[in-house]
Amino acid sequence: MRVFGEHFWSVSQRIHIFHFVVDCPLYENIRVKFFDKVIDLCPNFRYMDTSSKFVWLFTNEHEQVLKKLGSFIEECFLLRGHN
Ligand SMILES: [Zn+2]
């Protein structure tokens, strides 16, 4: 849970990252595809609420999930760059 420690992310950073990863409507289409891939790897992800999804994504140790999280963030940055 180190990423949630106060010395790693500030409160405003956590709010910003939460919005970006699980909430921002700008990335909804990319997020739906990303979440579908995560559900393939971890079926219970489907039943988590938004806060639990966020915590799970940043605390899990599944290499495939972490790679997909990285690709999702990269795709969001690319989309943002084109706007
Ligand atoms: Zn937004």
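Please refer to the structure placed before this passage.
An account of the accompanying structure is given in this report. Residue positions are given per chain, counting from 1 as you read along its sequence in written order. Reporting of local features is limited, given that this is a predicted model, to residues whose pLDDT is at least 70; pairs of side-chain atoms are given and counted only at 80 or more, and all residues count toward the totals for whole chains, interfaces and linings.

The number of helices and strands found in the chain is four helices and zero strands. Runs of E in the DSSP output that reach at least two residues are strands. Runs of H or I that reach at least four are helices, and both are numbered from the N terminus. Walking the chain from its N terminus toward its C terminus, one meets helices and strands in the order α-α-α-α. Three exposure classes are used, based on other C-beta atoms lying within 10 Å of a residue's own C-beta, which is placed from the backbone: buried for 20 or more, exposed for 12 or fewer, and partly exposed in between. Across the 83 residues in the chain, those meeting the buried criterion constitute 7%. Throughout, a residue-residue contact means that the two C-beta atoms, derived from backbone geometry, are no farther apart than 7 Å. In the chain, 62% of the contacts between residues at least 6 apart in sequence involve partners at least 24 apart.

What follows deals with the environment of S71. Relative to the assigned elements, S71 resides in helix 4 (residues 63-82). Linking S71 and F34, residues 37 residues apart in sequence, is a C-alpha distance of 8.7 Å.

On to the packing of helix 1 (residues 11-23) against helix 3 (residues 50-59). All axes here are fitted lines through C-alpha atoms, helices being fitted over the stretch that makes contact, and every angle between N-to-C directions spans 0 to 180 degrees. In contact at an axis separation of 10 Å, helix 1 and helix 3 are set at 105° when each is read in the N-to-C sense. Classed by the angle they form, the pair helix 1 and helix 3 counts as roughly perpendicular. Packed against helix 1, whose contacting residues are F18, V21, V22 and D23, the element helix 3 presents T50, K53, F54 and L57 at the interface. Three classes are used: nonpolar for Ala, Val, Leu, Ile, Met, Phe, Trp, Tyr, Cys and Pro, charged for Asp, Glu, Lys and Arg, and polar for all others, with Gly counted as polar. A per-class count over the contact of helix 1 with helix 3 returns five nonpolar, one polar and two charged. Angles are sorted into four bins: roughly parallel if under 35 degrees, roughly antiparallel if over 145, roughly perpendicular if 65 to 115, and oblique for all others.

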